Amino acid sequence: MENQQNWWQLTSIQLGGVICLPVILIEQTLYQTYGFTSSLIGIIIGNLILLMLGFIMIKMSCERRKSTPANAADYFGKVGVASFALTICLSLLGWYAIQLNMMSLSIFDLFHIDPSKTYVAVLANLGLGFVTTLGALYGIKSLNILANISLPLLIITLGYAFFTVDYNPASTSRQTLSFSSTSIVIALAIALIIDLPTYYRHSKTTKDGLISLLLIFVFALPILEFIGVYLAAGSQGGHILDILKGSHGPFWNLWVALFLILAGWTTNNLNLYSGVVCLESLLKKTSDKARTLLFGIAGSLLSCFNFLAHLEFILDLMGIFVAGMGSVIMTRYLMEWSLKKPVQQRDHKWHVFAWVLGVGVGILSIGGYSLTAIPLLDATIAASIGTWTILFQKESCEKAYSA
């Protein structure tokens with residue numbers, strides 16, 4: 001297979017996507033909402049859940065060697081896969097827009113530009129979107145090159161900020177213990193988990209894929225999230241940009257601004273690549289470059305809206321739709337593997353129904369009617385139970401009818 005990658009190449013691409021300012025910003029929100037202890041609990045539990053889901057997706061990736069939309073086509077059919085591709089695309093567009101907003105803020109901060117001027121923000125977002133879109137025109141090879149360049153710089157910058165921040169938590173009242181923080185942690189990376197086949201179909205072996213998964217969800221992502229919480233604990237309510245800059249002089253401020261731009265560029269290249277793969281099932285007659293331009297333009301225009309003001313809600317809402325459909329795919333794959341129940345065309349509509357069930361339960365969970373206090377987990381569990389129950393009930397009815 002072309003473009004086969006070892007565990008380090010797979011890992012560096014994903015790390016280039018997760019080491020970015022929105023992750024640090026979300027962890028700051030996590031700390032300010034739930035406190036230090038609950039944030040750490042959320043990081044641990046959330047990444048364990050993501051790791052378990054990831055094992056299933058890695059096995060599927062290395063066994064089938066298909067992209068995420070191609071796998072979805074097997075379970076949802078033509079109509080269902082269009083819904084799946086659209087769901088993933090909208091989630092990726094949301095992340096792309098959020099990332100552009102953070103890149104623009106870093107530039108405004110560096111040059112002391114007032115971000116409240118709407119036309120300035122729009123021009124900055126559109127300009128940055130144009131640059132990142134051009135960089136993504138070269139496909140997965142450009143991801144490898146950019147990741148290899150940026151990853152060491154990203155690690156050095158965050159490491160220096162971690163060891164130089166003044167740890168002095170603000171004395172604000174917070175919940176002593178809450179598992180709701182887990183939902184934010186899962187929402188942060190659920191799209192990455194569901195979209196693993198798009199990247200890990202290129203894995204040389206299943207072992208390479210599993211090693212990469214462990215490095216990301218046992219070490220890299222939890223450590224990055226802990227750094228975000230730790231920096232937030234030392235901020236006393238300040239903005240994340242102020243925390244990273246500290247008081248280390250103009251040279252360091254310039255370095256931080258360049259770091260944030262590079263981190264955003266790397267992450268959005270990843271979003272673009274995944275989005276283009278998803279669009280392939282919707283726009284089959286268009287070229288990769290045309291789809292890249294379309295996704296980049298749409299994401300750049302979307303970035304003109306202020307998603308950062310409603311970040312937690314948007315994350316949960318995007319995550320519920322992605323997690324519900326991903327849960328159906330994983331559950332049905334496990335049924336095929338363990339129970340030897342191959343997917344039939346008439347199953348497609350039932351899979352869509354199970355996905356809708358999961359989304360409905362997830363939305364109810366956001367509204368306060370929760371099973372686990374974690375909306376994404378509620379959506380995942382409901383979609384999985386729905387898949388098992390519907391298919392077994394259907395099988396029982398078919399046996400009774402034939403008898």
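Reading the values: rules and limits
Residues numbered from 1 in each chain as written. Predicted model: local features only at pLDDT ≥ 70, side-chain atom pairs only at ≥ 80, totals over all residues. Heavy atoms only, no water. Helix = DSSP H or I, 4+ residues; strand = E, 2+ residues; numbered from the N terminus. Buried < 20%, exposed > 50% of the residue type's maximum accessible area, 1.4 Å probe, protein only. Contact = heavy atoms within 4.5 Å. Areas by Shrake-Rupley, 256 points an atom, 1.4 Å probe, with all protein chains shown as cover. 1 Å grid on protein atoms, 1.4 Å probe; cavity = no way out; pocket = protein on both sides within 12 Å on 5 of 7 lines; lining within 4 Å. Points joined across faces, edges and corners; volume = space filled by probe spheres on them. Phe/Tyr/Trp six-rings, centres within 6.5 Å; stacked < 30°, edge-to-face > 60°.

A. Summary view of the overall build of the chain. A tally of helices and strands in the chain yields 14 helices and 0 strands. Secondary structure elements of the chain, listed N to C terminal, follow the sequence α-α-α-α-α-α-α-α-α-α-α-α-α-α. In the chain, buried positions account for 55% of the 403 residues. Taking the contacts inside the chain whose residues are at least 6 apart along the sequence as the reference set, 86% of them involve residues at least 24 apart. In the structure as shown, the chain presents an accessible area of about 17,600 Å², 68% of it carried by carbon and sulfur atoms.

B. Geometry of empty space enclosed by the protein. Going through the model one piece at a time under the given rule, you end up with 6 cavities of 30 Å³ or more. One number sums up the size of the largest cavity: a volume of about 330 Å³. What lines the largest cavity is a set of 21 residues, and nearest its centre among them are Gly17, Leu188, Leu192, Leu270 and Asn271. Those elements that provide at least two residues to the lining of the largest cavity are helix H1 (7-18), helix H3 (68-111), helix H6 (181-194), helix H7 (196-200) and helix H10 (250-279). For the lining of the largest cavity, the leading source of residues is H6, giving 5 residues.

C. Up close: the packing of aromatic side chains. Applying the stated rule across the entire model yields 9 aromatic pairs. Taking the centre distance of 6.3 Å and the plane angle of 75° together, the rings of Trp7 and Trp8 count as edge-to-face. Owing to a relative accessible area of 36%, Trp7 belongs among the partly exposed residues under this scheme. Trp8 sits in the partly exposed class, given a relative accessible area of 41%. With centroids separated by 6.2 Å and ring planes inclined at 55°, the aromatic side chains of Phe162 and Phe226 adopt a geometry described as tilted. With Phe162 in helix H5 (residues 139-164) and Phe226 in helix H8 (residues 206-233), this residue pair connects regions lying 64 residues apart in the sequence. Using a relative accessible area of 19% as the deciding quantity, one classes Phe162 as buried.

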